[in-house]
Amino acid sequence: TSYQIQRVYRGNTARKAYKNEVCNIIAIQGLQRRKIARREFMNKKLSNQNAKVMKIQRVYRGNTARKAYKNEVCNIIAIQGLQRRKIARREFMNKKLSNQNAKVMKIQRVYRGNTVRKAYTNEMRNIIAVQGLQRRK
């Protein structure tokens, strides 16, 4: 009967439309999944590249910082050496001066002692001479 033919035809057409729609949906999903996968791949690639770039930057900055630190330590050591040299020179000069001062003071002590002894002996001679004159009278 025609009713059955229409029913079969409509069912068949609906099944074909459904299959066609499912195929279109699957195609759209595939495109969308491909787009998402590509985006994720590019993000991973970029993040991988960023990670590599960041590692290179980290290594470079670390190396630069180590060189600057080593240079600064060398400068500090040079300044310390100059300061120690200055202190040593000052101490040497103080010792030299104190040695010279000690020698000068010894010379002065000997001279003053000698001068005082001469003056004392001269004064004693004068006193004795005066006493001798006084006794003669």
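Preceding block: the structure.
Computed from a predicted structure; not experimentally measured. Each residue is numbered by its place in its chain's sequence as written, counting from 1. Reporting of local features is limited, given that this is a predicted model, to residues whose pLDDT is at least 70; pairs of side-chain atoms are given and counted only at 80 or more, and all residues count toward the totals for whole chains, interfaces and linings. As a rule here, side-chain values come from all non-hydrogen atoms in the structure, and water together with hydrogens is ignored.

*Asks:* A description of the overall build of the protein should follow, citing residues and the corresponding values.
*Replies:* Helix and strand definitions follow DSSP, with helices as H or I runs of at least four residues and strands as E runs of at least two, each counted in order from the N terminus. Along the protein, the regular secondary structure elements total one helix and zero strands. Its C-alpha atoms put the protein at 195 × 20 × 5 Å along the principal axes. Only the protein chains shown count as cover for residues, and all accessible areas are computed by the Shrake-Rupley method using a 1.4 Å probe. Surface accessibility of the protein: about 13,700 Å² in total, with carbon and sulfur atoms responsible for 59%. Looking at the protein, you have 36 positive and 5 negative side-chain charges, and the mean spots of the two groups are 6 Å apart. When charges are counted, neither His nor the chain ends are considered; positive counts come from Lys and Arg and negative counts from Asp and Glu. In this description, the location of a charge corresponds to atom NZ of lysine, CZ of arginine, CG of aspartate or CD of glutamate.

*Asks:* Residue-level account of the environment of S2, with values.
*Replies:* Within the element layout of this structure, S2 appears in helix α1 (residues 2-136). Considered as a pair, S2 and N71 are 69 residues apart in the sequence and their alpha carbons are 100 Å apart.

*Asks:* How would you summarise a nonpolar patch on the surface if you had to cite specific residues and measurements?
*Replies:* Together, Y120, M124, I127 and I128 make up a nonpolar patch on the protein surface, roughly 400 Å² of accessible area in all. Position of M124 among the secondary structure elements: in helix α1. For the exposure calls, accessible area comes from a 1.4 Å probe over protein chains only, and a residue counts as buried if that area is under 20% of its type's maximum, exposed if over 50%, partly exposed in between. Judged by relative accessible area, which is 34%, M124 ranks as partly exposed. Only residues whose relative accessible area exceeds 30% and that take part in no salt bridge are eligible for patches, with like-charged residues grouped when within 9 Å of each other and nonpolar side chains (Val, Leu, Ile, Met, Phe, Trp, Tyr) grouped when within 5 Å. In the sections that follow, a salt bridge refers to a side-chain nitrogen of Lys or Arg positioned within 4 Å of a carboxyl oxygen of Asp or Glu.

*Asks:* Now, about the environment of Q29: what can you tell me, with residues and values included?
*Replies:* Along the chain, the position of Q29 falls in helix α1. Separated by 56 residues in sequence, Q29 and R85 have C-alpha atoms that sit 82 Å apart.

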